[in-house]
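Each chain is listed here by its residues.
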Amino acid sequence: MIQPKPQPGILDIELYVGGKSTVQGVQDILKLSSNENPNGPPISAQQALVAAAPSMHRYPDSDHSGLRSALAELHGLSIKKIICGCGSDELISFLCQAYSGPGLEVIHTSHGFLMYRLYAMAAGATVVAVAETERYVDVDAILAAVTPRTGIIFVANPGNPTGTKIPDTEIVRLIARTPKDVLIVLDGAYADYVEGWDGGAGFVERYSNVVMLRTLSKMYGLGGLRVGWGYGPQHVIDVLNRVRGPFNLSAPALIAGEAAVRDLNFVTTHRAQNNWARAWLVTELAALGVASDPSEANFILARFVDKNYAEACDDYLQTIGILVRRVGSYGLPHALRITVPDMAGCARLVSGMKAFMEQVK
Ligand SMILES: Cc1ncc(COP(=O)(O)O)c(C=O)c1O
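Residues numbered from 1 in each chain as written. Predicted model: local features only at pLDDT ≥ 70, side-chain atom pairs only at ≥ 80, totals over all residues. Heavy atoms only, no water.

Caption draft 1: Looking closely at helix α11 (residues 307-319). In a regular helix each residue adds 1.5 Å, so 13 residues correspond to 18 Å; α11 covers 19 Å between its end C-alpha atoms and thus fits that length. Residues of α11 that are buried sit in contact with β11 (322-323), β12 (325-326), β13 (335-339) and α12 (343-360). Measuring from the side-chain oxygen of the N-cap residue of α11 to the backbone nitrogen of N308 gives 3.3 Å; that N-cap residue is D306. G321 sits one or two positions beyond α11 and adopts a positive phi of about 85 degrees. (Helix = DSSP H or I, 4+ residues; strand = E, 2+ residues; numbered from the N terminus. Expected span 1.5 Å × (residues − 1). Contact = heavy atoms within 4.5 Å. Polar contact = N/O pair within 3.5 Å; in protein donor to acceptor, adjacent residues only side chain to side chain.)

Printed below as a string of structure tokens:
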């Protein structure tokens, strides 16, 4: 049949499946499948959103000046080198569109965030997945995969769904040995959970081929609003602004995002709470025989003996309203990614896991 055909490769893109949020017949859901802040968004952001409602007929600010200046002030960055996206997903898409394409390769690590692969394919690029070592990004493996056709290297640090973080010394080694015409994207979606770390912003200042991505979807609890941002060399930001639509962020997203960023205590409080609950959860699960790697994010990757066991655990947890994430599509079929809940949620999860283990004994 004659009909319009998409560009080659588009139909090979697998559809992204987000974290489950409902189970038929179960009312009391504990959603731990999308790495959301269990306490929700800052009150300041909610109030800003309500206050902005009467102005919804106005188009948003196309250069995002309020949000960018709040980010620049908070992180001590140059406002000119900040770009905002409809989630950091959109910035990944801009990067792939601008710096990859047919004939070019995009490198990501084997357990790396799926959107790198999907947007690289949408741009017509060839995707190169590089092995990790015991669920840690392996810089030597990445370097070995670089060719004259490499356009972009994506590294999430901490990684999703592994939660592991490689030290800055490894990033330095990656940057030093990568050709200067290859863009290195350091995705710091979970950097807010690492106290005292700049997420890679310092590397952006020093090198002309490094970009940092961040999001307000995780720590700031604004996943539903879609606010991400990037920090990059001026020449890269100028390019990304050419592929960015002028009104890519809605006015409510800009207003609530700015209020959240200016809410200085929010991150400190929620980081402390997350990291404490995470440590408790890891210890309790380990006592049940469920291992996980040291996580620096707001989730842990629980490992089981095999895929069947992991899936049986997920099935059981669903029956009691606890939703976690299967990560077979990340090459980790024997694991489940679990967002760190509040302490009540942690207790409920651990007792659910215990009950599952009793059942399969
Ligand atoms: C590593 C990583 N990067 C980027 C994103 C995209 O976040 P958002 O588009 O919500 O800003 C996510 C979301 O899960 C992620 O885990």
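Caption draft 2: Local environment of the site of the ligand. Taken together, G87, S88, D89, F113, N160, D187, A189, Y190, T215, S217, K218 and R226 make up the full set of residues near the ligand. Taking T215, its side chain carries an N or O atom lying 2.5 Å from an oxygen atom of the ligand. With 3 residues, helix α3 (residues 87-99) is the largest single contributor of residues to the shell around the ligand. In the shell around the ligand, the residues fall into 3 nonpolar, 5 polar and 4 charged. (Near = heavy atom within 4 Å. Nonpolar A, V, L, I, M, F, W, Y, C, P; charged D, E, K, R; others polar.)

Caption draft 3: Here's a closer look at the pairing of strand β2 (residues 82-85). Here β2 shows no split at all, with I82 and C84 on one side and I83 and G85 on the other all buried. Of the pairings in the sheet, the one linking β2 to strand β8 (residues 228-231) comprises 4 bridges and is antiparallel in character. What sits directly across from G85, in β8, is G228. (Buried < 20%, exposed > 50% of the residue type's maximum accessible area, 1.4 Å probe, protein only. Pairing = 2+ DSSP bridges.)

Caption draft 4: Layout of the domain arrangement of the chain. Here the domain parsing of the chain yields domain 1 (10-40 + 265-360) and domain 2 (43-264). Taken together, the contacts link 32 residues of domain 1 with 32 residues of domain 2. Summed over both partners, the interface of domain 1 with domain 2 comes to about 2900 Å²; 60% of that surface belongs to carbon and sulfur atoms. Contact with domain 2 buries area across many residues of domain 1, yet R271, E296 and Y330 alone supply 23% of it, more than any other trio. Taken together, the connections running from domain 1 to domain 2 amount to 2 salt bridges. Where domain 1 touches domain 2, the interface holds 14 residue pairs in polar contact (both at pLDDT 80 or more). Looking at the side of domain 1 that touches domain 2, the elements with two or more residues in it are α10 (264-287) and β10 (299-303). It is α10 that contributes the most residues to the side of domain 1 that touches domain 2, 8 residues altogether. (Domains from an automatic or database assignment. Buried area = accessible area lost by both parts, 1.4 Å probe. Salt bridge = Lys/Arg side-chain N within 4 Å of Asp/Glu carboxyl O.)

Caption draft 5: Region of the structure containing the pattern of salt bridges. If you walk through the whole model with that rule in mind, you get 18 salt bridges. The shortest N-O distance in the salt bridge between E205 and K81 comes to 2.9 Å. You can see E205 sitting in helix α7 (residues 201-206) and its partner K81 sitting in the loop between α2 (65-75) and β2, a full 124 residues away along the chain. Residues D293 and R135 are paired through a salt bridge, measuring 2.5 Å at the closest nitrogen-oxygen approach. One end of the pair, D293, is in the loop between β9 (291-292) and β10; the other, R135, is in the loop between β4 (126-130) and α5 (139-145), with 158 residues separating them in the sequence. Judged by its relative accessible area of 9%, D293 is buried. Salt bridges sharing partners connect three or more residues here, namely K307, E311, D314, D315 and R326.

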